[in-house]
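Survey of secondary and tertiary structure
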Amino acid sequence: MSFLIKLFKNRTKRVNLSICGLDGAGKTAIIHYLINGEFQETIPTMGINRETIDLPKLQLSVFDLGGQQDFRSMWGSINEQSDALIFVVDSTDTFRMEEAKTIFYKILKTQIREDVPVLLLLNKVDLPGRLAREEFIKQFDLANPNLSMKWACFETSAKEGIGIYDAFHWYIKVIQEV
Ligand code: G3D
Ligand code: MG
C-alpha cells in the first residue's frame, strides 16, 4: 500500500488546456509570456499551435486555437478533449464584444464538459479605452446563477505582464484540484 501511495503522490497530472477567443485578442502573446516570461511579437495563428508546459506534478498540453472565422470549425473537436478552457478577450475591442460573447457561450453549451473550469482573461489593459472588468462581467452575463462551472476573470496585459501571474496562480491551483 505504501508503494501505491508513493506512486500516486509522485504522479504527474496531464491536462489538455484550450485557449480560445477572437483573432487578435492576445492568446498567443499570453502563451509566449507564460513560457518565456516576457512579451514577444506574434504572427496570426493559422490553425492550431500546441505547446507543452511542464510544471511540478503537472503537464499542460496547451492548444492555441486560431481565432479567425475559418479556423473556428476546428475548435469543437479540441475543446471536447479539454480539461481546462481559457477564453481571451481584447478589452479594447468593444465593437466585437457581442461576437466574442456568442462564441464563448457556444463553446460552453456545445463543446466543453460542464465540470471544466474557465479562466477569462480581459487582455490589453495597458491600452486606453478599455472595458472595465465589472462592465465586462455584466456584458458577458457572468453573474448569471445558471452558470454552473467554476470561473474567474482577470484583467491582463501580455505586453506589460500585468495580471498574468495572479490569473495563472488561481487557475493552476483549480486545475490541480479537479
Ligand atoms: P491572438 O493569438 O489571440 O490572435 P496575438 O492574438 O497574441 O497574436 O496578438 C494580436 C495582437 O495584439 C499583436 O499585435 C500583439 O502584439 C497584440 N497584443 C497581444 N496582447 C497584448 C496586450 O496585452 N497589450 C497590447 N497593447 N497588445 C497586445 P500585432 O500588432 O502584431 O497585430
Ligand atoms: Mg494566435
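Preceding this paragraph is the structure being described.
Below is a summary of the structure that appears in this document. Source: prediction; values computed, not measured.

Moving on to the pairing of strand S3 (residues 58-65). Within S3, eight of the eight residues are buried, which leaves it mostly tucked inside the rest of the structure. Burial of S3 is two-sided: the residues Leu58, Leu60, Val62 and Asp64 facing one way and the residues Gln59, Ser61, Phe63 and Leu65 facing the other way are all buried. Pairing of strand S1 (residues 13-20) with S3, which is carried by seven bridges, proceeds in the parallel orientation. Paired with Ser18 across the bridge in S3 is Phe63. Linking strand S2 (residues 48-55) back to S3 in an antiparallel pair, the connection comprises two residues, with Lys57 at a positive phi of about 65 degrees.

All of the protein donors around the magnesium ion (ligand 2) are Thr28 (OG1) and Thr45 (OG1); their distances to the metal are 2.0 to 2.1 Å. Within this pair, whereas Thr28 is found in helix H2 (residues 27-36), its partner Thr45 is found in the loop between H2 and S2, the two being separated by 17 residues in sequence. With respect to burial, Thr28 and Thr45 carry one shared label: buried.

If you trace the backbone, Ser61 turns up in strand S3. Residue class for Ser61 comes out buried when judged on its relative accessible area of 7%. At 3.1 Å, the side chain of Ser61 forms a polar contact with the side chain of Arg50. In contact with Ser61, other than residues within four places in its own chain, are Val15, Asn16, Leu17, Arg50 and Glu51.

On to the site of ligand 1, then. Around ligand 1, the surrounding shell holds 17 residues, and the nearest of these are Gly24, Lys27, Thr42, Asp126 and Ala158. For ligand 1, an oxygen atom lies 3.2 Å from a polar atom in the backbone of Ala25. One of the side-chain N or O atoms of Thr42 is found 2.7 Å from an oxygen atom in ligand 1. Coverage of ligand 1 by the protein chains reaches 77% of its 660 Å² of free accessible surface.

Our next topic: the side chain of Lys27. As for its placement among the helices and strands, Lys27 is situated in helix H2. Buried charge without a partner: Lys27 forms no salt bridge, and the closest opposite charge is Asp64, 5.6 Å away. Once residues lying within four places of it in the same chain are set aside, the contact partners of Lys27 are Ile19, Cys20, Gly21, Leu22, Asp64, Leu65, Gly67 and Val88.

About the thresholds
- Residues numbered from 1 in each chain as written.
- Chains lettered and ligands numbered in written order.
- Predicted model: local features only at pLDDT ≥ 70, side-chain atom pairs only at ≥ 80, totals over all residues.
- Heavy atoms only, no water.
- Buried < 20%, exposed > 50% of the residue type's maximum accessible area, 1.4 Å probe, protein only.
- Helix = DSSP H or I, 4+ residues; strand = E, 2+ residues; numbered from the N terminus.
- Pairing = 2+ DSSP bridges.
- Donors = N, O, S within 2.8 Å, 3.2 Å for Na, K, Ca; no water.
- Polar contact = N/O pair within 3.5 Å; in protein donor to acceptor, adjacent residues only side chain to side chain.
- Contact = heavy atoms within 4.5 Å.
- Near = heavy atom within 4 Å.
- Areas by Shrake-Rupley, 256 points an atom, 1.4 Å probe, with all protein chains shown as cover.
- Lys, Arg positive; Asp, Glu negative; His and termini not counted.
- Salt bridge = Lys/Arg side-chain N within 4 Å of Asp/Glu carboxyl O.

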